[in-house]
Amino acid sequence: MEIAYTTVVGSQMHGLTTPESDRDVRYITKASFREVISPFSNVSVKVNRSGTEDVESWELRHFTKQLSSGNPT
């Protein structure tokens, strides 16, 4: 899976971090052709949360679907 875009969101994006703030990172990924045509692949959203970092990865097709429906996330 190839990373197409990376951004920091949340309090860091808005300049509102505090010492208790975690780091919120979002990735947009591009699936390979094999993953796109596979009936067994589910790569739309992956989430990894730890104590100091909140990482979420959206596959490009899922992201554009959410974007076109006006989903603000």
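Right, let's walk through the structure included here. Please read these numbers as outputs of a predicted model, since none were measured by experiment. Counting from 1, residues in each chain are numbered in the order their sequence is written. Local features in this predicted model are restricted to residues of pLDDT 70 or higher, and side-chain atom pairs are both shown and tallied only at a pLDDT of 80 or more, whereas totals for entire chains, interfaces and linings draw on every residue. No hydrogens and no water enter the side-chain calculation; it runs on all heavy atoms of the structure.

1. Structural notes on the overall build of the chain
Now for step 1: Numbering goes from the N terminus for both helices and strands, where a helix is a DSSP run of H or I of at least four residues and a strand is a run of E of at least two. Check the secondary structure of the chain and you find three helices and four strands.
Now for step 2: Its helices and strands in sequence order give the chain the pattern β-α-β-α-β-β-α, from N to C terminus.
Now for step 3: Atoms counted for the radius of gyration: C-alpha only. Globule rule: 2.2 Å times the number of residues to the power 0.38. Since a compact globule built from 73 residues should have a radius of gyration of about 11 Å, the 14 Å found for the chain marks it as more spread out than a globular shape.
Now for step 4: The C-alpha extent of the chain, read off along each of the three principal axes, is 45 × 25 × 15 Å.
Now for step 5: Only protein chains enter the accessibility calculation, which uses a 1.4 Å probe. A residue is then buried if its area is under 20% of the maximum for its type, exposed if over 50%, and partly exposed in between. Across the 73 residues in the chain, those meeting the buried criterion constitute 22%.

2. As for the pairing of strand E2 (residues 23–30)
In summary, the side chains of a regular strand alternate between the two faces of the sheet.
Now for step 1: Bridge count for strand E1 (residues 2–9) against E2 is seven bridges, and the pairing is antiparallel. Opposite Ile3, over in E2, you have Thr29 as the bridge partner.
Now for step 2: DSSP-based pairing: two strands are paired if at least 2 bridges between them are found. Where E2 and strand E4 (residues 53–59) come together, seven bridges link them in parallel fashion. Among the inter-strand pairings, Arg23 is bridged to a residue of E4, identified as Glu53.

3. Things to note about helix H3 (residues 60–68)
Now for step 1: Put simply, Glu59 is the residue that caps the front of H3, since its side-chain oxygen is 2.8 Å from the backbone nitrogen of Arg61.
Now for step 2: At the C-terminal side of H3, Gly70 shows a positive phi close to 80°. Any pair of N or O atoms that falls within 3.5 Å is considered a polar contact. Within protein, one atom must be able to donate a hydrogen and the other to accept it, and sequence-neighbouring residues count only if both atoms are side-chain atoms.

4. Points about a nonpolar patch on the surface
Now for step 1: Two joining distances apply to patches: 9 Å for like charges and 5 Å for nonpolar side chains (Val, Leu, Ile, Met, Phe, Trp, Tyr), and every residue must have over 30% relative accessible area and no salt bridge. Calculation of accessible area relied on Shrake-Rupley with a 1.4 Å probe; when residues are assessed, cover is drawn exclusively from the protein chains displayed. Basic side-chain nitrogens of Lys or Arg form a salt bridge, by our definition, when they fall within 4 Å of a carboxyl oxygen of Asp or Glu. Side chains of Phe33, Val36 and Ile37 sit close together on the surface and give an oily, nonpolar patch of about 330 Å² of accessible area.
Now for step 2: For Ile37, the position within the fold is in helix H2 (residues 33–37).

5. Overview of the pattern of salt bridges
Now for step 1: According to the stated counting rule, one finds four salt bridges in the structure shown.
Now for step 2: Among the ionic pairs, Glu2 bridges to Lys30, the shortest N-O distance being 3.7 Å. Of this pair, Glu2 sits in strand E1 while Lys30 sits in strand E2, and the two are 28 residues apart along the sequence.
Now for step 3: With relative accessibility at 47%, the residue Glu2 sits in the partly exposed group.
Now for step 4: Arg61 is the partner of Glu59 in a salt bridge, and the nearest nitrogen-oxygen pair spans 3.0 Å.
Now for step 5: Here the salt bridges do not stand alone but share partners, grouping Arg26, Asp54 and Glu56 into one network.

6. Concerning the sheet that holds E4
Now for step 1: The four strands are arranged E1-E2-E4-E3 in an open sheet whose pairing can be described as mixed. Of all the strands in the sheet, the pair left with one neighbour each is E1 and strand E3 (45–49). Put simply, the sheet's adjacent strands are angled 15° from each other on average, direction ignored. For every element, the axis is a line fit to its C-alpha atoms; helices are fit only across the contacting stretch, and the angle between N-to-C directions ranges from 0 to 180 degrees.

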